[in-house]
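Listed below, chain by chain, are the residues.
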There are 2 protein chains.
Amino acid sequence: MPSPTPHATCEGARQILDAALEAFATHGYSGASMHAIAQQAGVSKANVFHHFASKELLYLAVLRTAAQRWRENLVPIAQSNACFADQLKLLVQRVLDHLVSESAQSRVVLREMLENGALRGRELSEEIFNDNFRIETGVFRRAQANGELRAGVDPILAWAATLAACLFFFQTRDVLRFNPDFPYAEAPERFAQGIRDVLLNGIAAHPDLS
Amino acid sequence: MPSPTPHATCEGARQILDAALEAFATHGYSGASMHAIAQQAGVSKANVFHHFASKELLYLAVLRTAAQRWRENLVPIAQSNACFADQLKLLVQRVLDHLVSESAQSRVVLREMLENGALRGRELSEEIFNDNFRIETGVFRRAQANGELRAGVDPILAWAATLAACLFFFQTRDVLRFNPDFPYAEAPERFAQGIRDVLLNGIAAHPDLS
DNA sequence: GTCTATAAACTGATAGAC
DNA sequence: GTCTATCAGTTTATAGAC
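Thresholds, definitions, all that
- Residues numbered from 1 in each chain as written.
- Chains lettered and ligands numbered in written order.
- Predicted model: local features only at pLDDT ≥ 70, side-chain atom pairs only at ≥ 80, totals over all residues.
- Heavy atoms only, no water.
- Helix = DSSP H or I, 4+ residues; strand = E, 2+ residues; numbered from the N terminus.
- Buried < 20%, exposed > 50% of the residue type's maximum accessible area, 1.4 Å probe, protein only.
- Contact = heavy atoms within 4.5 Å.
- Areas by Shrake-Rupley, 256 points an atom, 1.4 Å probe, with all protein chains shown as cover.
- Domains from an automatic or database assignment.
- Buried area = accessible area lost by both parts, 1.4 Å probe.
- Salt bridge = Lys/Arg side-chain N within 4 Å of Asp/Glu carboxyl O.
- Polar contact = N/O pair within 3.5 Å; in protein donor to acceptor, adjacent residues only side chain to side chain.
- Nonpolar A, V, L, I, M, F, W, Y, C, P; charged D, E, K, R; others polar.
- Core = buried A, V, L, I, M, F, W, Y, C linked by side-chain atoms within 4.5 Å.
- Near = heavy atom within 4 Å.
- Axes fitted to C-alpha atoms, helices over the stretch in contact; angles between N-to-C directions.
- Parallel < 35°, antiparallel > 145°, perpendicular 65-115°, else oblique.
- Left-handed = near helix turned anticlockwise from the far one by under 90°.
- Expected span 1.5 Å × (residues − 1).
- Least-squares fit on C-alpha atoms with pLDDT ≥ 70 in both.
- Phe/Tyr/Trp six-rings, centres within 6.5 Å; stacked < 30°, edge-to-face > 60°.
- Lys NZ or Arg CZ within 6 Å of the ring centre and 35° of its normal.

### What about the overall build of chain A?
Scanning chain A from terminus to terminus reveals 8 helices and 0 strands. When its helices and strands are written in sequence order, chain A yields α-α-α-α-α-α-α-α. With the principal axes as the frame, chain A shows a C-alpha extent of 65 × 40 × 30 Å. Per-residue burial for chain A yields a buried fraction of 53% across its 210 residues. For chain A, restricting intrachain contacts to residue pairs at least 6 apart in sequence, the fraction spanning at least 24 positions comes to 64%. Here chain A has roughly 9,400 Å² of accessible surface; of this, 52% comes from carbon and sulfur atoms.

### Observations regarding the domain arrangement of chain A
Residues and elements named next belong to chain A. You can read the domains of chain A as domain 1 (1–53) and domain 2 (66–201). Computed from C-alpha coordinates alone, the two centres of domain 1 and domain 2 are separated by 29 Å. Contacts between the two partners involve 8 residues from domain 1 and, on the opposite side, 6 residues from domain 2. Buried area between domain 1 and domain 2, summed over both chains or domains, comes out near 570 Å², and the portion from carbon and sulfur atoms is 57%. At the surface where domain 1 touches domain 2, the tally comes to 1 salt bridge. Across the domain 1-domain 2 interface, the total number found is 2 residue pairs in polar contact (both at pLDDT 80 or more). By residue class, the composition of the side of domain 1 that touches domain 2 is 4 nonpolar, 3 polar and 1 charged.

### Regarding the nonpolar core
In terms of nonpolar packing, the biggest core is built from 122 residues, with A:Leu58 and B:Trp159 touching the most fellow members. Leave out the neighbours within four places in its chain, and A:Leu58 touches A:Ile16, A:Leu17, A:Ala20, A:Phe24, A:Met34, A:Ile37, A:Val48 and A:Phe52. Within the second largest apolar cluster, 27 residues are counted, among which are B:Ala20, B:Leu21, B:Val108 and B:Ile128.

### Quick look at the protein's contact with DNA strand C
Neighbouring DNA strand C are 13 residues; A:Ser44, A:Ala46, A:His50, A:His51 and B:Lys45 lie closest to it. Backbone atoms, meaning sugar and phosphate, make up 46% of the atoms of DNA strand C lying within 4 Å of the protein. Measuring from a sugar or linking oxygen of DNA strand C, one finds a side-chain N or O atom of A:Asn47 at 3.2 Å. Residue B:Lys45 places a side-chain N or O atom 2.7 Å away from a base oxygen belonging to DNA strand C. Listed by contribution, the elements that provide at least two residues to the surface near DNA strand C are α3 (45–51) of chain A together with α3 (45–51) of chain B. Looking at the surface near DNA strand C residue by residue, the classes come out as 5 nonpolar, 6 polar and 2 charged.

### Considering the protein's contact with DNA strand D
Looking at DNA strand D, the residues that line it are A:Ala32, A:Ser33, A:Met34, A:Lys45, A:Phe49, A:Ser54, A:Lys55 and B:Ala46. Protein-proximal atoms of DNA strand D, defined as those within 4 Å of the protein, fall in sugar or phosphate at a share of 55%. The contact in question runs from a base nitrogen of DNA strand D to an N or O atom on the side chain of A:Lys45, over 3.2 Å. In this structure, a phosphate oxygen belonging to DNA strand D sits 2.6 Å away from a side-chain N or O atom of A:Lys55.

### Observations regarding the interface of chain A and chain B
Interface extent is often summarised as the accessible area lost during association of the parts. With 66 residues of chain A in contact, the opposing surface of chain B contributes 68 residues. Across the contact surface, chain A and chain B share 3 salt bridges. For A:Arg150, the salt bridge goes to B:Asp197, with nearest N and O atoms at 3.3 Å. Those elements giving two or more residues to the side of chain A that touches chain B turn out to be α1 (11–31), α6 (103–145), α7 (155–176) and α8 (188–201) of chain A. Split into classes, the residues belonging to the side of chain A that touches chain B amount to 38 nonpolar, 16 polar and 12 charged.

### Quick look at the packing of helix α5 (residues 84–101) of chain B against helix α8 (residues 155–176) of chain B
All names here are of chain B. Close contact between α5 and α8 brings their axes to 10 Å; oriented N to C, the two are set at 30°. Regarding the angle of α5 to α8, the classification is roughly parallel. Considering how the two elements wind past one another, α5 and α8 form a crossing that is right-handed. On the side of α5, the interface is formed by Leu 88, Leu 91, Val 92, Val 95, Leu 96, Leu 99 and Val 100, while α8 contributes Thr 162, Leu 163, Cys 166, Leu 167, Phe 169, Phe 170 and Arg 173.

### Examining helix α4 (residues 55–78) of chain B
Its 24 residues give α4(B) an end-to-end C-alpha distance of 35 Å, which sits within 8% of 34 Å, the value for a rise of 1.5 Å per residue. All of the buried residues along α4(B) are B:Leu58, B:Tyr59, B:Leu60, B:Ala61, B:Val62, B:Leu63, B:Ala66, B:Ala67, B:Trp70, B:Leu74 and B:Ile77.

### Some points on the relation of the copies chain A and chain B
Placing chain A over chain B gives an RMSD of 0.6 Å and needs a rotation angle of 180°, together with 0.2 Å of translation along the axis. Between the two chains, the operation in question is that of a two-fold axis. Minimal C-alpha separation from the rotation axis in chain A is found for A:Gly202, amounting to 1.8 Å. Of the interface residues in chain A, 95% have counterparts in chain B that sit at the interface too, so the contact is made through matching surfaces.

### Let's talk about the packing of aromatic side chains
Inspection of every chain in the model, using the stated rule, returns 18 aromatic pairs over all chains. Between the aromatic rings of A:Phe24 and A:Tyr29, the centroid separation amounts to 5.8 Å while the plane-to-plane angle is 10°, which identifies the pairing as stacked. Taking the relative accessible area as the measure of exposure, A:Tyr29 reaches 22% and is therefore partly exposed. Aromatic side chains B:Phe24 and B:Tyr59 sit 5.1 Å apart centroid to centroid with 80° between the ring planes, which places their arrangement in the edge-to-face category. Taken together, the residues span a long stretch of sequence, with B:Phe24 in helix α1 (residues 11–31) and B:Tyr59 in helix α4 at a distance of 35 residues. By the burial criterion, B:Phe24 is buried, and B:Tyr59 matches it. An aromatic cluster is present here, built from A:Phe169, A:Phe182, A:Tyr184 and A:Phe191 joined pairwise through their rings. Its end group placed over the ring of A:Tyr29, A:Lys55 keeps NZ or CZ at 4.7 Å from the ring centre.

Laid out in structure tokens, this is it:
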């Protein structure tokens, strides 16, 4: 009987997961076929069902893996003792780099939120996203406690604006790349630097509470 | 013979487009069936193929409609004469409201952007984005010319951070709704207000160029 | 015996044709 | 409105390897 979470040591299961990740990220849940996944993984279709009892469970395993990788990449930031500006720099760099270099994992999660967020929202939130939420917002909460984050700002909004900019870069990059007026598609580090300035110092010429 | 762009005056075609929009947004391209779309539109499947020669062309027509609606909602902002703070307020409100109230159209476009192959309708996505890009960035460029946007800031980055926050709210709302630490899912206007403050005034306690 | 793999067959849904 | 050829996910039977 196929176990819900196959051993990571099993090479076959890992190759299936890799192939499934790419397929789901590229074609969506319905658009990805078990046949194509099996072929890409170099195993038979029946073998896929040996490791994962159903397409749904395979998909969930892919999502869980993506969440785990994301968490692994962000935990070190939360444990850093650097000043807020440096932590923000590290956070933006890490998130942008993770999004771009692990593009398939990022796409599969973003897609899931668009396709099924309302239906699977609760489970996703509880099982996958709440951990990352706590880790990431912690950076901003501690900065406010240290007096490095402006007192009037909700740390959650500061986190949201930061993560939003990273996600925006990732999601619109392939489209804006062909826009001659957008010079950042090929320069993530320049985008990151500019966004940090915008976030830290604001965009208003004459700061004012409105 | 089915025309690529059926007359908007034709009631049947409009109902098919509405049903297709909802189906594609909810189930994805592959997950949406022509049978279900026809049934939802209250017409026969053959009638769907009469108006749209293939599933692919129906999908492209849906994307085109979504792009047009988005543009219609944003053009008035670019023509406003209000001060920058008010224009920013209007922009965030309009974008957030459009995303939420026209959720199906927004989801269909955002999902299309996540397609890796970009084989289908990438030119369309570019067309959507480049038109809106000019309209939206114009608000920030003029603000800088008027001395209302801080001189050191690239207007494009200011635009990106603004739009990013709106998209982030829309995309993560259904997941963060179940997170007890995120209080904004049911309060878009509070989120908009907080984001405007973050964008205009920054999050650093002691502004510094880093 | 359990684990891993496969081929072949089954059932239902699909896009599209007539 | 019916038909069809195709392809989807899934199951069953089978068989070598540790």
